[in-house]
Amino acid sequence: MWFVRAVKAVWQHYHPSEEVLWLLEQFRQMLNDCIRIGLEANVTSLKSLSLKAYGQLKGYEVLSYYKLCAISKATGILRNYRKAKRRAKPTKEPYARRLQLGTCYGLKIKGGILWLPFKPRQPIKILLNRHTRKVLSEPDIAVRSITLTNSRLSFAYAKEVAEIQLRGLIGIDRNLDNLTLADTEGEVERFNLVKATIIKSKYGAVKARFRRNDVRVRRSIFQKYGRKERNKVQHLLNNVSKHIVEDAKGKRFGIVMENLTGIRRLYRKGNGQGPFYRGRMNGWSFRELQRQIEYKARWKGLPVIYVRPHSTSSRCLRCGHRLLPEENRMMKCLNCGLMIDRDINAAKNILALGLRFRPLAQPVEAMVQEPAPAVILKVDGCEVG
Ligand SMILES: [Zn+2]
């Protein structure tokens, strides 16, 4: 049996004490020191940055735990910076302004309290709220790391999950207004996401009407709307992802999705949003939906397979020929004559790509175990696998 590590997160608000604020500020300064050292010495690996930076952090009177965490965080930031520069994106040299501390060392949770190492034998204690306590008391889970800001405390926790023996797969195609699912039993399902788009465009209109020229007021109001909007969309996406994953778990079906870059084709003109807004919101909500489906599926032991978003909506699922768009989102194949809804075609193409990565027949196991019925997978007339 395969075990996979599944990770989830829970967060709460809290009031930081003087000590926590001091630690957060120390961490921010250490992080910036490490970034500067890394940029000067042009190092990228954790090991070489540790060798270069650790000694230079000796002026900080914090536990060595936090020095290691700062170095490791800086390594990640430097790596992203280098990647962005290589792609010739306009990038500012990284510098940490926000107070944020991530650590995985020496954490203890006892009696509804987080014990955070601070000085030898003098931990900082932070009270957990009821929700956090409940979540973290689930059996078989272990807290892997925490992140602190000056108002939020979040926990990443994990458990080992036995991977489910799959009976089939579900391909998911993401669109601006809907999600379309196609599975190996030939079932097709569609989730309406028009509501998410409406919420987004409503708030978009509020933002667009905003005329006051004070940058700070503007920013704070935009942030407020952004938060409200995200909460509403998040709620909607949570319901959809929950339903999909529970359904998949019941059927013992793995999930196939396109890789992130697939959102590019969602940046369509003519849906009443400005280009910047359209790109950012679509990007966010589809990544969010993908993130939710992925962590919920993994938590239940369902594998998630990503495939390359390679013309899944423009190629005929039967013969691979280019499709021509017709009315009402239908597509027609000029080669074999197939007439099909573009989203269903895309979902089935994604499913077929997933089956190439993850063929379902497992002959060795099937022979030693009960004689399983032969599985023939049909994707609308085409045999796959
Ligand atoms: Zn065709």
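Peer 1: So what exactly am I meant to see when it comes to the overall build of the protein chain here?
Peer 2: Counting its secondary structure elements, the protein chain contains 9 helices and 17 strands. Looking at the protein chain residue by residue over its 385 residues, the buried ones come to 42%. Residue pairs in contact within the protein chain that sit at least 24 positions apart in sequence constitute 68% of those at least 6 positions apart. Carbon and sulfur atoms form 52% of the exposed surface of the protein chain, whose accessible area is close to 22500 Å².

Peer 1: Help me understand the coordination of the zinc ion, please; the structure alone is not making it clear to me.
Peer 2: Geometry sets the ideal angles at a metal, namely 109.5 degrees for four tetrahedral donors and 90 or 180 degrees for six octahedral donors. Distances from the zinc ion to its protein donors, Cys-316 (SG), Cys-319 (SG), Cys-333 (SG) and Cys-336 (SG), fall at 2.2 to 2.3 Å. Angles of 101 to 120° at the metal separate the 4 donor atoms of the zinc ion, which places the site in the tetrahedral class. Look at where the donors of the zinc ion fall in the sequence and you get C-x2-C-x13-C-x2-C. Classification of Cys-333 by relative accessible area gives buried; the value is 1%.

Peer 1: What exactly am I supposed to notice about the sheet that holds strand β11 (residues 253-258) here?
Peer 2: Sheet strands associate in pairs through backbone hydrogen bonding, adopting either a parallel or an antiparallel arrangement. Ordered by their spatial adjacency, 5 strands build an open sheet running β10-β9-β8-β11-β12, and the pairing between neighbours is mixed. Two strands bound the open sheet, and with one partner strand each, they are β10 (188-192) and β12 (304-307). Neighbour to neighbour, the strand axes of the sheet diverge by 25° on average, direction disregarded. Pairing of strand β8 (residues 168-174) with β11, which is carried by 5 bridges, proceeds in the parallel orientation. Residue Leu-169 lies in a different strand from β11, and its bridge partner there is Gly-254.

Peer 1: Help me out: how do you make sense of the pairing of β8 in this one?
Peer 2: The side chains of a regular strand alternate between both faces of the sheet. Burial within β8 is extensive, with 7 of its 7 residues counted as buried. Taking every second residue as pointing to the same face, both faces of β8 are buried, with Gly-168, Ile-170, Ile-172 and Arg-174 on one and Leu-169, Gly-171 and Asp-173 on the other. Where β8 meets strand β9 (residues 178-183), 5 bridges bridge the pair, whose relative direction is antiparallel. Counterpart to Gly-171 in the pairing with β9 is Ala-182.

Peer 1: Sorry, what's going on with a nonpolar patch on the surface here?
Peer 2: On the surface, Tyr-54, Tyr-65, Leu-68 and Tyr-105 cluster together into a nonpolar patch covering about 340 Å² of accessible area. Here Tyr-54 is to be found in the loop between α2 (46-53) and α3 (64-86).

Peer 1: Looking at this structure, how should I read the packing of aromatic side chains?
Peer 2: Two descriptors summarise a pair of aromatic rings, namely the distance from one centre to the other and the angle between the planes of the rings. Counted according to the given criterion, the structure contains 4 aromatic pairs. Centre to centre, the rings of Tyr-65 and Tyr-66 are 6.5 Å apart; their planes meet at 85°, and the pair counts as edge-to-face. The class of Tyr-65 is partly exposed, set by a relative accessible area of 31%. On the basis of relative accessibility, which here comes to 0%, the residue Tyr-66 falls in the buried class. With 5.6 Å between their ring centres and 85° between their planes, Tyr-157 and Trp-299 make a pair best called edge-to-face. Taken together, the positions of Tyr-157 in strand β7 (residues 152-162) and Trp-299 in helix α7 (residues 275-299) put the pair 142 residues apart, joining distant regions of the chain. Taken together, Tyr-65, Tyr-66 and Tyr-105 form an aromatic cluster joined through their ring pairs. Above the face of the Tyr-54 ring, Lys-67 is positioned so that its terminal group lies 6.0 Å from the ring centre.

Peer 1: Mind showing me how you'd approach the sheet that holds strand β6 (residues 142-148) here?
Peer 2: Strands sit in the order β1-β7-β6-β2 across an open sheet of 4 strands; the sheet is antiparallel. Every other strand in the sheet has two partners, leaving β1 (3-13) and β2 (101-103) as the edge strands with one partner each. Neighbouring strand axes in the sheet, compared pairwise and without regard to direction, differ in orientation by 20° on average. Where β1 and β7 come together, 11 bridges link them in antiparallel fashion. Within β7, the residue paired with Ala-9 across the bridge is Ala-156.

Peer 1: Explain the layout of surface pockets here, please?
Peer 2: If a probe as big as a water molecule is rolled over the atoms, it shows which places are left empty. Reported here for the largest pocket is a volume of approximately 1500 Å³. If you go around the largest pocket, you meet 30 residues; those closest to its centre are Ala-9, Trp-11, Gln-234, Arg-291 and Tyr-295. Listed by contribution, the elements that provide at least two residues to the lining of the largest pocket are β1, α4 (130-136), β7, α6 (215-251) and α7. For the lining of the largest pocket, the element with the most residues is α6, which contributes 9 residues. Looking at side-chain class alone, the lining of the largest pocket contains 10 nonpolar, 8 polar and 12 charged residues.

Peer 1: Is there a simple way to explain the state of the cysteines in this structure?
Peer 2: By definition, a disulfide links two cysteine residues through a covalent bond between their sulfur atoms. Counted by the stated rule, this structure contains 0 disulfides. Summary of cysteine pairing: Cys-69 is not part of a disulfide, and the nearest cysteine sulfur, belonging to Cys-104, is at 4.8 Å. In this structure Cys-69 comes out as buried when scored by relative accessible area, which is 7%. The class of Cys-104 is partly exposed, set by a relative accessible area of 40%.

Basis of the calculations
Residues numbered from 1 in each chain as written. Predicted model: local features only at pLDDT ≥ 70, side-chain atom pairs only at ≥ 80, totals over all residues. Heavy atoms only, no water. Helix = DSSP H or I, 4+ residues; strand = E, 2+ residues; numbered from the N terminus. Buried < 20%, exposed > 50% of the residue type's maximum accessible area, 1.4 Å probe, protein only. Contact = heavy atoms within 4.5 Å. Areas by Shrake-Rupley, 256 points an atom, 1.4 Å probe, with all protein chains shown as cover. Donors = N, O, S within 2.8 Å, 3.2 Å for Na, K, Ca; no water. Tetrahedral: all angles 85-135°; square planar, octahedral: opposite > 155°, others 65-115°. Pairing = 2+ DSSP bridges. Axes fitted to C-alpha atoms, helices over the stretch in contact; angles between N-to-C directions. Patch = residues over 30% accessible without salt bridge, like charges linked within 9 Å, V, L, I, M, F, W, Y side chains within 5 Å. Salt bridge = Lys/Arg side-chain N within 4 Å of Asp/Glu carboxyl O. Phe/Tyr/Trp six-rings, centres within 6.5 Å; stacked < 30°, edge-to-face > 60°. Lys NZ or Arg CZ within 6 Å of the ring centre and 35° of its normal. 1 Å grid on protein atoms, 1.4 Å probe; cavity = no way out; pocket = protein on both sides within 12 Å on 5 of 7 lines; lining within 4 Å. Points joined across faces, edges and corners; volume = space filled by probe spheres on them. Nonpolar A, V, L, I, M, F, W, Y, C, P; charged D, E, K, R; others polar. Disulfide = S-S within 2.5 Å.

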